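Summary of the model geometry
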Amino acid sequence: MSISFNCEKCKKRVKAPDEAGGKYGNCPACGHRLFIPSVRAENEPELVLQPIDETAETKISAAMRETYSLTMNILHETDLPDDGKTGADGPAPTRDIIRWIILYLRQVADGDLDGAQKSEDKLTLHAKQAKEVLRKMAAAERPEPELSDIAPNVLLALMKNLDSKL
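Residues numbered from 1 in each chain as written. Predicted model: local features only at pLDDT ≥ 70, side-chain atom pairs only at ≥ 80, totals over all residues. Heavy atoms only, no water.

**Some details on the pattern of salt bridges**
Rules: When a carboxyl oxygen of Asp or Glu is within 4 Å of a side-chain nitrogen of Lys or Arg, the pair counts as a salt bridge. Counting from the N terminus, the helices are DSSP H or I runs at least four residues long and the strands are E runs at least two residues long. Only protein chains enter the accessibility calculation, which uses a 1.4 Å probe; a residue whose area is less than 20% of its type maximum is buried, one above 50% is exposed, and one in between is partly exposed.
If you walk through the whole model with that rule in mind, you get six salt bridges. Here lysine 131 and aspartate 163 are joined by a salt bridge, their closest N and O atoms 3.8 Å apart. Residue lysine 131 is located in helix α4 (residues 127–139), and its partner aspartate 163 is located in helix α5 (residues 152–165); the two are separated by 32 residues in the primary sequence. In this structure, aspartate 163 engages arginine 135 in a salt bridge whose closest nitrogen and oxygen atoms are separated by 3.5 Å. Highlighted residues: aspartate 163 in helix α5 and arginine 135 in helix α4, separated in sequence by 28 residues. Using a relative accessible area of 17% as the deciding quantity, one classes aspartate 163 as buried. Accessibility expressed as a relative area gives 47% for arginine 135, which makes it partly exposed.

Written out as structure tokens, the structure is:
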């Protein structure tokens, strides 16, 4: 007896000996490398397949792209992390200001008020820059990904509160 199935690429009928089941081979018509299915036992139930939920796939794919992008940004950073001691001697890089603002907003939303105070202290050293960045963040259509789980009205109120403190 032999195993009969169709090639995935050219759709031609292919026959293989029973011993080849579960292994890989090449289609004799087009040369495509294909998997040879195993012979199904008589008492083995038929495998029922379900369609893929494409909306879930899209969300996972978008999350993976976002994670990859953030990872690449972190890996390509050349500046040393700021220890919070800079201030009057020059402006901080904008990405540090953004990071401190996000950290502050996240800490306040999570109830970490001591941590939020430390982040606010860093931002106070660069108040003018922080206010500019904060206003741009508030005007953006979408919040930063780290803040997307906070209700928009709450996030806007937290931003306004920080702006008034600076």
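Additional details are given in the paragraphs that follow.
**Some points on the pairing of strand β1 (residues 2–6)**
To be explicit about the condition: Paired strands, as defined in this entry, are two strands with at least two bridges between them according to DSSP.
Where burial is concerned, the two faces of β1 differ: the one with Ile3 and Phe5 is buried and the one with Ser2, Ser4 and Asn6 is not. Connecting β1 to the next strand, strand β2 (residues 13–17), in antiparallel fashion are six residues, including lysine 11 with a positive phi near 70°.

**Quick word on the packing of aromatic side chains**
Which entries qualify depends on this criterion: Two aromatic rings from Phe, Tyr or Trp, using only the six-membered ring of Trp, form a pair when their centres are within 6.5 Å; if the ring planes differ by under 30 degrees the pair is stacked, by over 60 it is edge-to-face, and anything between is tilted.
Counted according to the given criterion, the structure contains one aromatic pair. Taken together, a centroid distance of 5.3 Å and an interplanar angle of 70° make the contact between tyrosine 24 and phenylalanine 35 edge-to-face. Taken together, the positions of tyrosine 24 in strand β3 (residues 24–26) and phenylalanine 35 in strand β4 (residues 33–35) put the pair eleven residues apart, joining distant regions of the chain. The class of tyrosine 24 is exposed, set by a relative accessible area of 53%. According to the relative accessible area criterion, phenylalanine 35 is partly exposed, its value standing at 37%.

Taken by themselves, the reported measurements are silent on function.
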